[in-house]
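So the chains spell out like this:
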Amino acid sequence: MSAGREAVALHNAERNALRRVVRCLFAEKIIDPAMLVFAPQGRSVWLPLWHRLALVYFEDLQVAPANTFINHGAITLIEHGGKRSAIVSAAQLIETLRECFDFAPSDEGVAGLKADMANSVANDALARLYREAWNGELREHIGVAGAWGLTDYLRRHSSTSAAAVLLDQWGSLEGHPFYPTWKSKPDLTPEQVAALSPEFNAKVPVRIAALRADNAYLERMPHVHSYHDWFAANFPTQWASWKAGLNARGLDETDWLPLPLHAWHLENFVRKEYAAEIEEGILILDGPDIETLPTMSFRTMLPQLPGTPPFIKLPVALWLTSEQRSLQAKSIHMGPRISAVIKRILAVEHGFDRMLDIFPEEVAFHYKHAVRQEDHPGRHLSVAFRNSREAFERSDGLLPITVAALLTGAPVSGRPLISELIERGGVRASRETVEAYFRQYARVVTRPVIAIYLLYGIALEAHQQNTSVLFDTDGAPKSLLIRDFGDGRTYTPLLNARGYELKPYVYPGILPTMFDGDIEPVRSFVVDACFVCHLHEVALLLTNEYELAPTRLWEILREETEGAFDAVAERVDPVLWQRERVAFLTQPWFTRSVLRMHLLKYADYRLQHQLPNPLAAAPSGN
Ligand SMILES: Nc1ncnc2c1ncn2[C@@H]1O[C@H](COP(=O)(O)OP(=O)(O)OP(=O)(O)O)[C@@H](O)[C@H]1O
Ligand SMILES: [Mg+2]
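Predicted model only: the values in this text are computed from it and were never measured. (Residues numbered from 1 in each chain as written. Chains lettered and ligands numbered in written order. Predicted model: local features only at pLDDT ≥ 70, side-chain atom pairs only at ≥ 80, totals over all residues. Heavy atoms only, no water.)

Colleague: I would appreciate a short explanation of the packing of helix α2 (residues 90-97) against helix α3 (residues 107-145) in the present structure.
Modeller: When two helices pack together, you describe them by how their axes are tilted relative to each other and by the distance separating the axes. Look at α2 against α3: their axes get within 9 Å of each other, and the N-to-C directions meet at 160°. As the angle between them shows, α2 and α3 are arranged roughly antiparallel. As α2 packs across α3, the resulting crossing turns out to be right-handed. Residues Ala90, Ala91, Ile94 and Glu95 of α2 form the contact with α3, whose own contacting residues are Val110, Leu113, Lys114 and Met117. Across the contact of α2 with α3, the residue classes break down as six nonpolar, no polar and two charged. (Axes fitted to C-alpha atoms, helices over the stretch in contact; angles between N-to-C directions. Helix = DSSP H or I, 4+ residues; strand = E, 2+ residues; numbered from the N terminus. Parallel < 35°, antiparallel > 145°, perpendicular 65-115°, else oblique. Left-handed = near helix turned anticlockwise from the far one by under 90°. Contact = heavy atoms within 4.5 Å. Nonpolar A, V, L, I, M, F, W, Y, C, P; charged D, E, K, R; others polar.)

Colleague: I tried to follow the sheet that holds strand β25 (residues 514-515) on my own but got confused; where do I start?
Modeller: Hydrogen bonds between backbone atoms are what pair the strands of a sheet, whose relative direction is either parallel or antiparallel. Strand order in the open sheet formed by three strands is β21-β24-β25, with mixed pairing between adjacent strands. With one partner strand each, in any of the chains shown, β21 (458-459) and β25 form the two edges of the open sheet. Sheet topology places strand β24 (residues 489-491) next to β25; two bridges connect them, and they run parallel. Looking at the pairing, Thr490 lines up with Met514 of β25. (Pairing = 2+ DSSP bridges.)

Colleague: Before we go on, may I ask you to explain the sheet that holds strand β7 (residues 84-86) in this structure?
Modeller: An order of β1-β2-β3-β6-β7 is seen for the five strands of this open sheet, with the pairing classed as antiparallel. Strand pairing shows two members of the sheet lacking a second neighbour, β1 (37-38) and β7, which therefore form its edges. With two bridges joining them, β1 and strand β2 (residues 45-49) adopt antiparallel strand pairing. Opposite Phe38, over in β2, you have Val45 as the bridge partner.

Colleague: Help me understand the coordination of the magnesium ion (ligand 2) in this model?
Modeller: Six octahedral donors around a metal ideally make angles of 90 or 180 degrees; four tetrahedral donors ideally make 109.5 degrees. At 2.1 to 2.3 Å from the magnesium ion (ligand 2) lie its protein donor atoms, namely Gln465 (OE1), Asn466 (OD1) and Asp484 (OD). Read in sequence order, the donor residues coordinating the magnesium ion (ligand 2) give the pattern Q-N-x17-D. Of this pair, Asn466 sits in the loop between β21 and β22 (467-471) while Asp484 is found in the loop between β23 (477-482) and β24, placing the two residues 18 residues apart along the sequence. Accessibility assignment for this pair places Asn466 and Asp484 in one class, buried. (Donors = N, O, S within 2.8 Å, 3.2 Å for Na, K, Ca; no water. Buried < 20%, exposed > 50% of the residue type's maximum accessible area, 1.4 Å probe, protein only.)

Colleague: Even after reading the chapter, I still don't get the domain arrangement of the protein, so can you show me in this structure?
Modeller: When the parts of a complex come together, some accessible area is lost, and that lost area is often used as the size of the interface. On domain assignment, one finds that the protein holds domain 1 (3-100), domain 2 (203-389) and domain 3 (398-617). In this complex, domain 2 contributes 35 residues to the contact, which on the side of domain 3 involves 42 residues. The tally of links between domain 2 and domain 3 comes to two salt bridges. Across the contact surface, domain 2 and domain 3 share 14 residue pairs in polar contact (both at pLDDT 80 or more). Secondary-structure elements contributing two or more residues to the side of domain 2 that touches domain 3 are α11 (329-348), α12 (350-354) and β17 (356-358). Per element, the largest residue contribution to the side of domain 2 that touches domain 3 is 14 residues, and it comes from α11. Class assignment for the residues of the side of domain 2 that touches domain 3 results in 14 nonpolar, nine polar and 12 charged. (Domains from an automatic or database assignment. Salt bridge = Lys/Arg side-chain N within 4 Å of Asp/Glu carboxyl O. Polar contact = N/O pair within 3.5 Å; in protein donor to acceptor, adjacent residues only side chain to side chain.)

Colleague: Help me understand the layout of surface pockets in this model?
Modeller: Any empty space left between the atoms is revealed when a probe the size of a water molecule rolls over them. When its volume is computed, the second largest pocket comes out at roughly 850 Å³. Contributing to the lining of the second largest pocket are 32 residues, with Arg19, Glu174, Leu407, Glu537 and Leu541 lying nearest its centre. Sorting the residues of the lining of the second largest pocket by element identifies α1 (3-27), β5 (68-71), α3 and α18 (520-545) as the ones contributing at least two each. Ranked by the residues each element gives to the lining of the second largest pocket, the list is headed by α18, at five residues. For the lining of the second largest pocket, the residue count by class is 12 nonpolar, 10 polar and 10 charged. (1 Å grid on protein atoms, 1.4 Å probe; cavity = no way out; pocket = protein on both sides within 12 Å on 5 of 7 lines; lining within 4 Å. Points joined across faces, edges and corners; volume = space filled by probe spheres on them.)

Colleague: How should I be thinking about the site of ligand 1 in this particular structure?
Modeller: Not every one of the 17 residues close to ligand 1 is listed here, only the nearest: Arg299, Thr300, Lys313, Thr321 and Arg386. Here Gln464 contributes a side-chain N or O atom positioned 3.1 Å from a nitrogen atom of ligand 1. Here ligand 1, which alone exposes 630 Å², has 91% of that area covered by the protein. Here the shell around ligand 1 is composed, by residue class, of three nonpolar, nine polar and five charged. Composition of the shell around ligand 1 by domain shows at least three residues from each of domain 2 (203-389) and domain 3 (398-617). (Near = heavy atom within 4 Å. Areas by Shrake-Rupley, 256 points an atom, 1.4 Å probe, with all protein chains shown as cover.)

Colleague: I would appreciate a short explanation of the pairing of β22 in the present structure.
Modeller: Side-chain positions along a regular strand alternate between the two faces of the sheet. Summarising burial for β22: five of the five residues are buried, a large majority. Of the two faces of β22, the one carrying Thr467, Val469 and Phe471 and the one carrying Ser468 and Leu470 are both buried. The sheet contact formed by strand β20 (residues 399-402) and β22 spans four bridges and is antiparallel. Of the residues in β22, the one forming a bridge with Leu399 is Phe471. Counted along the chain from β22 to the antiparallel partner β23, the turn is five residues long, and its residue Gly475 has a positive phi close to 85°.

If you want it as structure tokens, here you go:
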């Protein structure tokens, strides 16, 4: 690897971090954007630092809807007396502006943020270097096949499941859209990051260990009668060798549960932290390995086995982006329960005009000591299995693509993959074509998400990583596939009114996910994931890529959101309908304050701020 390429990659990664910090500082109003002074023309902007009689000069700062400030150019500190110095790193910007923050972060908080940002930058640079080679390989395959792009090539040469998972891994390059610590994995060396992460096309072994069955809490969807039978049916080869291993020790397999363990977690955490359980004879770490592919969330793995095996979601005791990726009892209890309720609803609603399906979490369990009966120790010894068969064994020709992949540079054109779907190897699309495409996309996303929320009080966390959009052979978006229900929020009065019950998970110190008072936390979950982190991002990307009028796509999004409300109006209490419509379309959007939370060392995981509603600003068009 040449030093020149490395330096360029690092420089770009640093700019990526800077862009994210600028965006968060203004969106979260840590620095009030009202302080900015705009050039009469162009995109130059000054931020006065009154306390030191200095200015920060942004050469090219794009102002997009919803307080989205995107930095495209140089940032310079101009001090009293005229001295100029370039601000080239996110850490430098934080230091420069810290005095002007609307709160006083601790030195520790700032140091923690800087360390995680530096780690993200290093990992981002490595991922982009790897990407050059990976995209080169893909380009070659695409060329040899005579395909018009990556999706066309995958359609012709892979199964739906292989194509979907490759796109999911490949689509993990950009990471969360605006987290300043988007790729931080501070406990891993660069070699480990490459060996374990989806953006490096990694393969990771998962050990099938054994947990004594009386030391577990297990939750399953009603159609799963026995975990043993279910596991044996889904993983026949591993079941046979796991069983043989136990029998060779003189143990009866029915007294034990097959427990998958992520390779890193096994070696670096479980052996040490669960030494007492191993010693006590309730946890056996020997067992067969399954080769798996880590998907975009890093810790949900797809076994590389014939057919369509379930995804395996695992705890990994690593700090990734914003939290330690445990898999706590709440998710174990709620994942299968919410999956079961949604599946029943989808059957009754015909998948909301066949626009929605899910990856159901069929079985999940966590360690719970037979005598001590505490839930907490099980958060690092747990698993959730996510069925993929219905989603991947399809005959309708639709291809599921994880949303983040749509926003990733395609191997042939270097432009976002969504452009490939819009243009299908043809000429650059006209503005009208792109607007019509976005309208269809917005419809496919908003119809089912709004319907299940208004009718049943179920909030789908439809952000870029939890959502796959299904595309037909013409590249048109058709429907949604949602995953990840463990932390899903619900509003019980609405659910109950339609005759459905959901048992909540209640445990001291654990924040609730089912609400029956104010619906706001449930609504915010939808707005933040689906609108702020997903639809707004797609609109931003297409607006810039195709140089569309600055607010046009938000007008379209408004019309489509109105359409989604209209579609269920007759079935929803008019007071609720009106109130929610106002909230989605005109009131400020609530979203998680990711930078503030990080600076405050996550003392509170539910900090949020308001963004001006970009749908309110747009004329409704009718
Ligand atoms: N575009 C993206 N948007 C959101 N998260 C992303 C994105 N790309 C990668 N990620 C990563 O995916 C994870 C998202 O967290 P989330 O809690 O939704 O999922 P999870 O529970 O870890 O896994 P799963 O979705 O497989 O159940 C984080 O680790 C985050 O860094
Ligand atoms: Mg997720």
